[in-house]
Amino acid sequence: MATVAVSRPPLGGFSFDNCKRNAILQGEANKVGFNLPAARKTGTTICGVVFKDGVVLGADTRATEGMIVADKNCSKIHYISPNIYCCGAGTAADTEMTTQIISSNLELHALSTGRLPRVATANRMLKQMLFRYQGYIGAALVLGGVDCNGPHLYSIYPHGSTDKLPYVTMGSGSLAAMAVFEDRYKPNMEEGEAKQLVHDAIAAGIFNDLGSGSNIDLCVITKGSVDYIRPHDEANKKGVRTGDYKYRRGTTTVLTKAVNPLDLELVEESIQTMDTS
Amino acid sequence: MMRFCVLQNSRGLHSQLKDSVPVAGLCPQGAYGMQDSLRSGFTSVKNELLPSHPLELSEKNFQLNQDKMNYSTLRNIQGLHAPLKLQMEYRAARQIQRLPFLPSSNLALDTLRGSDESIGFEDILSDPAQSEVMGEPHMMVEYKLGLL
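If you're wondering where the values come from, they're calculated on a predicted model, not measured in any experiment.

> What's the story with the UniProt feature "domain: Proteasome beta subunit C-terminal" (unreviewed entry) in chain A in this structure? I'm lost.
Under the UniProt annotation, "domain: Proteasome beta subunit C-terminal" (unreviewed entry) lies at residues 235-271 of chain A. Between the first and last C-alpha atoms of residues 235-271 of chain A the distance is 52 Å; the span itself is 0% helix and 0% strand.

> Help me understand the UniProt feature "active site" (unreviewed entry) in chain A, please; the structure alone is not making it clear to me.
The UniProt record marks Thr44 of chain A with the feature "active site" (unreviewed entry), using the residue numbering of this structure. For Thr44 of chain A, the residues in contact, after removing those within four places along its chain, are Asp60, Lys76, Ala89, Met170, Gly171, Ser172, Gly173, Asp209, Gly211 and Ser212 of chain A.

> Just to check I follow, could you spell out the sheet that holds strand 12 (residues 215-222) of chain A for this structure?
Strand pairing in a sheet relies on backbone hydrogen bonds, with the paired strands running either antiparallel or parallel. Residues and elements named next belong to chain A. Strand order in the open sheet formed by 5 strands is 11-2-3-12-13, and the pairing between neighbours is antiparallel. Edge positions in the open sheet fall to strand 11 (167-170) and strand 13 (225-234), since each of these has one partner strand only. Recorded for the sheet is a direction-independent mean angle of 15° between the axes of neighbouring strands. Relative to strand 11, helix 4 (residues 174-184) is tilted by about 160°, and along the sheet it contacts strand 2 (46-50) and strand 11.

> I keep staring at the pattern of salt bridges and nothing clicks. Help me out?
Opposite charge on two side chains lets them pair, provided their charged atoms get close. Residues and elements named next belong to chain A. Tallied over the entire structure, the rule returns 7 salt bridges over all chains. Of the charged contacts in the structure, one is a salt bridge between Lys52 and Glu190, with a shortest N-O distance of 3.1 Å. Highlighted residues: Lys52 in the loop between strand 2 and strand 3 (54-60) and Glu190 in the loop between helix 4 and helix 5 (191-208), separated in sequence by 138 residues. Between Asp60 and Lys76 there is a salt bridge, with its nearest N and O atoms 3.1 Å apart. Of this pair, Asp60 sits in strand 3 while Lys76 sits in the loop between strand 5 (68-71) and strand 6 (77-81), and the two are 16 residues apart along the sequence. As far as burial versus exposure is concerned, Asp60 and Lys76 are alike and both buried.

The rules behind the values
- Residues numbered from 1 in each chain as written.
- Chains lettered and ligands numbered in written order.
- Predicted model: local features only at pLDDT ≥ 70, side-chain atom pairs only at ≥ 80, totals over all residues.
- Heavy atoms only, no water.
- UniProt positions renumbered as here; feature names shortened; annotations may be inferred.
- Helix = DSSP H or I, 4+ residues; strand = E, 2+ residues; numbered from the N terminus.
- Contact = heavy atoms within 4.5 Å.
- Pairing = 2+ DSSP bridges.
- Axes fitted to C-alpha atoms, helices over the stretch in contact; angles between N-to-C directions.
- Salt bridge = Lys/Arg side-chain N within 4 Å of Asp/Glu carboxyl O.
- Buried < 20%, exposed > 50% of the residue type's maximum accessible area, 1.4 Å probe, protein only.

Here it is as structure tokens:
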């Protein structure tokens, strides 16, 4: 092993060492007509709505890798803090890591201030991080929660812009879901009404967009309680097989039967314990 | 060993300049000092001068730029003494380090910066404490003292 001559001590964080190599490999692969594997995305429908006492967040559960469904039942509603949850669309790894980092930071912040964290704090942390990386972190988020100032709902785009609105949708199925919201949203709804509205919006995304599918997950956040309903509804059920190709015993008649016993001697017996630590 | 801790890092400012550009051809990257064609392709001036990713330069100087911004805001709000005092404390804390090839905990530095209360990608990815290669001790100390 050769010692690498470094003059400065190494820093943590992203390392751009392989970018040039990747660009060269991409160029070479394109010349031969071969595609490098695509990142797993959550071509998604996520949405949220503010109702009288809190926030309802909804998401589908399909994760895609190009044209293939990578995960039929993935969880897109991520925990940020006991009173704040976040739905994530875009590159699956990016949404996962970003929400986990912000959740840790918010926990440390809450321990330091001694108060329940606010949704605006989470929003500010997320937008500053996403802007720092100029959109290269592909995470489009719907952030919702209830804090001391009431219920709040934000949508956060990969480049770092945010919107604070009473109802938001993100992902590839966002237009289908937004159509349902625009038709039936009214301010100060009851919880049941809000859940039905979010359910219908996600269902619209599931049935009209190829990137969304499988089940509908809901998360109802009110002051002091969170109801994470997973799954709320299985919109796409896998069918049950109606036919059976197994043959009964006796379908084929047996003409002759010959049995040859094999005499084996036990020569040596040894026990090796498996390392299960 | 205590003797080294007291001396200043004379390279500090120069290596952190935004436009400090590595010179092509004189010391190619890669093990053994040779150009690693398999991994970085053929040498070209464009390859050496341009950053390999749009975020590379901005990430390299991120901490510096944040500090500059914070100090200038502080100066505008509280007057010149505030950033001066903070920078003095920062320089004092930065001197409490082990030799350059060994990992230092930077505890005082973290507390001053406030990064002991936050987690970012620099704590999760490419943790220097778990790096697979170690710098050559003699070269790194010579570089730090400016003898190289």
